[in-house]
Amino acid sequence: AKEAGRNTYKFYTAEMTQQALEHSFVQSALRDALEQSQFFVTYQPQLRIKDYSMVGVEALVRWQHPERGLIPPDSFIPIAENSGLIRELGAWILRTACEQGVQWLNEQVNFGRIYVNVSATQLHDESFTEAVIMCLKETGFPAEKLGLEVTESFIMKDPQHAINVLSSFKEIGIELAIDDFGTGYSSLSYLKQLPIDKLKIDQSFIRDIPDDPNDMAIAEAVIAMGKALNLEVIAEGVESQIQADFLLDKECTEVQGYLYAHPLTADAFSEWEKQRDI
Ligand code: C2E
Ligand code: CA
Ligand code: CA
Ligand code: CA
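Where an unreviewed UniProt entry is consulted, the chain appears under the name cyclic-guanylate-specific phosphodiesterase, with the organism given as Neptuniibacter caesariensis.

Listed below in structure tokens is the structure:
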């Protein structure tokens, strides 16, 4: 048993070293990537479930590394968050999205709103609100066209602080959605006090519909909660018509997922929008 324990320990350190190496590779590569413009932003349509009209697009960052190829955000956003680099990266994503929005407004591309993901690290920054206002001012993108997706975990960590921060965005006309809803145990009493417009049901609850009755019950409960609080409810990760029919039946208001469109480059999105017959 002692032998096995030692081996397990050795295995563990090797794995941790590997992780640390990977972590430091990504951390220094992220800095270069920002300077060398290796990031780009894709936009995934969000639609009203009733008539497929445009609600907005979610801005999702991509990293095109010269040797490693396309790196998905799940493998670098958490590292950018831990190292604080998310501040610069997040500011770049916001600016890129706002500039794109201005271009689409000029070209009369119907995109609804642009929803940008903001991480807890960014929201805890005291100067973040000011930075968003400056970005809108400098790009000329209207606040009413911008939405922010904030995670449930940010809100629950310090709900009173979250209310203050989110109120400052609400005041200038920015829409607010709670991302990954259902994964973080929001208390109903806070939910009522938060100046939010929308709940976004996490895709982990949509994925196994119609096979998992628990997920169906959770999705249904979130939709009912949104309705009771007079909030929009959007389901993400909708991949099948069966899922869409379920959501329509439960009176979910908005959908996003591969069934409708993948995240698209800016040009591909404007093509997609022009060609669909709605
Ligand atoms: P998220 O905000 O929950 O985004 C949803 C993810 O689901 C996206 O993955 C999207 O491409 C993917 N998705 C959309 N429709 C479907 C579908 O029908 N089926 C499946 N299986 N997946 C679908 P992505 O783009 O890889 O992003 C992963 C996560 O990385 C995001 O989760 C978000 O937490 C983070 N992220 C992405 N872009 C940004 C960003 O610009 N800023 C920040 N702070 N985080 C970002
Ligand atoms: Ca999101
Ligand atoms: Ca999610
Ligand atoms: Ca999404």
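Chemist: What exactly am I supposed to notice about the coordination of the calcium ion (ligand 4) here?
Modeler: Tetrahedral coordination by four donors places them ideally at 109.5 degrees to one another around the metal; octahedral coordination by six donors ideally gives 90 or 180 degrees. Those protein atoms acting as donors to the calcium ion (ligand 4) are Glu58 (OE), Lys200 (NZ), Glu236 (OE) and Gln256 (NE2), and they sit at 2.3 to 3.1 Å. Between consecutive donor residues of the calcium ion (ligand 4), the sequence gaps follow E-x141-K-x35-E-x19-Q. Here the calcium ion (ligand 4) and the calcium ion (ligand 2) are spaced 4.2 Å apart, with glutamate 58 acting as a shared donor. Placement of the pair is lysine 200 in strand 7 (residues 198–201) and glutamine 256 in the loop between strand 9 (254–255) and helix 11 (266–275), with a sequence separation of 56 residues. For the residue pair lysine 200 and glutamine 256, the accessibility class agrees, reading buried in each case.

Chemist: Hey, could you run me through the pattern of salt bridges in this one?
Modeler: Where side chains of opposite charge bring their charged atoms close, a pairing between them can arise. All told, the structure shown has twelve salt bridges when counted by the stated rule. The salt bridge involving aspartate 125 is made with arginine 87; its shortest N-O contact spans 2.5 Å. Of this pair, aspartate 125 sits in the loop between helix 4 (120–124) and helix 5 (128–139) while arginine 87 sits in helix 3 (residues 86–106); the two residues are 38 residues apart in sequence, bridging distant segments of the chain. Linking glutamate 254 and lysine 198 is a salt bridge whose minimum nitrogen-to-oxygen distance equals 2.6 Å. Highlighted residues: glutamate 254 in strand 9 and lysine 198 in strand 7, separated in sequence by 56 residues. There is no split in this pair, since glutamate 254 and lysine 198 are both buried. Salt bridges sharing common partners tie together Glu58, Glu149, Lys200 and Glu236.

Reading guide: rules and limits
- Residues numbered from 1 in each chain as written.
- Chains lettered and ligands numbered in written order.
- Predicted model: local features only at pLDDT ≥ 70, side-chain atom pairs only at ≥ 80, totals over all residues.
- Heavy atoms only, no water.
- Donors = N, O, S within 2.8 Å, 3.2 Å for Na, K, Ca; no water.
- Helix = DSSP H or I, 4+ residues; strand = E, 2+ residues; numbered from the N terminus.
- Buried < 20%, exposed > 50% of the residue type's maximum accessible area, 1.4 Å probe, protein only.
- Salt bridge = Lys/Arg side-chain N within 4 Å of Asp/Glu carboxyl O.

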